[in-house]
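# Results of the structural survey
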Amino acid sequence: MTDDVTTKELDRRQFFLRIGTSSVAITGLAAWALAYKFLSPSVLYEPSPITNLGKPDRYPADSVTFDPEAAVYIVHDAQGLYALRAICTHLACVTTWKPELGVITCPCHGSQYRRDGSKITGPATGPLPWLEIWLSDEGDLMVDRSSPLAGKNFVKV
Ligand code: FES
């Protein structure tokens, strides 16, 4: 009888000891998780706005080429190569080059642009912006999508 009572008390002690140990362990893990999250830098990694568009000979004379990854048009006309942002100035839909019509159109509300980005018709608020474009040291065509240009910018080829 005495042995049973002792065994039960030990079991109860072990039970509470395990509960206590588990509580301390869970609290410690939660504290470490919070400390790790607090000490980790809150950085938003965004892709670079500078894109390599390859060699200029990819863009034949008198052509308009859409680059879906960069969302830009590369236009090759008599003055050289230039880049336009392909995002409509109305509500930011991605526009489409229609070679049969010779215009850039917006599928959302019907805005149309000339191949130099100037607006023809529709609710668009302005022309498609020109982007900075240049040749890298390796001869690749580079475009900076981060900021539109106030003027025009050609790469002679
Ligand atoms: S988003 Fe292009 S016309 Fe409205």
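Reference entry: report on the structure contained in this document. Just so it is clear, the model here is predicted, and its values are computed rather than measured. (Residues numbered from 1 in each chain as written. Predicted model: local features only at pLDDT ≥ 70, side-chain atom pairs only at ≥ 80, totals over all residues. Heavy atoms only, no water.)

## Describing the environment of R12
Defined as follows: Segments assigned H or I by DSSP are reported as helices when at least four residues long, segments assigned E as strands when at least two residues long, and all are numbered from the N terminus.
As for its placement among the helices and strands, R12 is situated in helix α1 (residues 2-39). When the C-alpha positions of R12 and P68 are compared, they lie 68 Å apart, and in sequence the two are 56 residues distant.

## Topic: the pairing of strand β9 (residues 130-135)
Put simply, the test is: Should DSSP find at least two bridges between two strands, the strands are taken to pair.
Alignment of strand β4 (residues 80-85) against β9, held across two bridges, turns out to be antiparallel. Each bridged residue has a counterpart across the sheet, and for L84 the counterpart in β9 is W130. Between β9 and strand β10 (residues 141-148), which pair antiparallel and follow one another directly, the connecting turn spans five residues, one of which, G139, has a positive phi of 85 degrees.

## Focus on the nonpolar core
The criterion, for reference: Nonpolar cores are built from buried Ala, Val, Leu, Ile, Met, Phe, Trp, Tyr and Cys residues. Side-chain atoms within 4.5 Å join them into one set. Per-residue accessibility, obtained with a 1.4 Å probe over protein chains only, is compared with the maximum for each type, and a residue is labelled buried under 20%, exposed over 50%, and partly exposed between these values. For this analysis, residues touch if any pair of their heavy atoms sits within 4.5 Å.
Y73, V75, L84, I104 and Y113 are the most contacted members of the largest nonpolar core, which totals 15 residues. Every element with two or more residues in this core is listed here: β3 (72-77) and β4. Residues contacting Y73, with those up to four places away along its chain left out, are V64, T65, F66, Y82, A83, L84, A86, T95, T96, W97, I104 and L128.

## Details of the pattern of salt bridges
Note the cut-off: Whenever a carboxyl oxygen of Asp or Glu lies within 4 Å of a side-chain nitrogen of Lys or Arg, that contact is scored as a salt bridge.
Summed over the entire model, instances satisfying the criterion amount to two salt bridges. For the salt bridge of R115 with D62, the shortest nitrogen-to-oxygen distance reads 3.2 Å. A residue pair is termed long-range when its members are at least 10 positions apart, and R115 in the loop between β7 (112-113) and β8 (119-121) and D62 in the loop between β1 (50-52) and β2 (63-67) qualify at 53 residues.

## Structural notes on the sheet that holds β7
Read across the sheet, four strands follow the order β5-β6-β7-β8 without closing on themselves; strand pairing throughout is antiparallel. Pairing within the sheet leaves two strands with one partner each, and these edge strands are β5 (96-98) and β8. In this structure, strand β6 (residues 103-105) lies alongside β7, joined through two bridges in antiparallel fashion. Each residue of the ladder has a partner; that of I104, found in β7, is Y113.

## Structural notes on the sheet that holds β1
Test applied: Structural elements are reduced to axes, namely lines fitted to C-alpha atoms, with helices fitted over the stretch in contact, and the angle between N-to-C directions of any two is expressed from 0 to 180 degrees.
If you walk across this open sheet you meet the six strands as β1-β10-β9-β4-β3-β2, and the pairing is antiparallel. In the strand order of this sheet, the two ends are held by β1 and β2, each with one partner. Between one strand axis and the next, the sheet turns by 25 degrees as a mean value, whatever way the strands run.

## Section: the packing of aromatic side chains
Note the following rule: For this analysis, a ring pair means two rings from Phe, Tyr or Trp (six-membered ring only for Trp) whose centres lie within 6.5 Å, classed as stacked if their planes differ by under 30 degrees, edge-to-face if by over 60, and tilted for the remaining angles.
Under the counting rule described, the total for this entry stands at five aromatic pairs. Considering the side-chain rings of Y82 and W130, the 4.1 Å spacing of their centres and the 10 degrees angle between planes classify their relative orientation as stacked. With Y82 in strand β4 and W130 in strand β9, the pair connects residues that are 48 residues apart, well separated along the chain. Under the relative-accessibility criterion, Y82 is labelled buried at 1%. Residue classification places W130 among the buried residues on the basis of a relative accessible area of 7%. Here the aromatic residues Y82, W130 and F154 are joined through ring pairs into a cluster of three or more.

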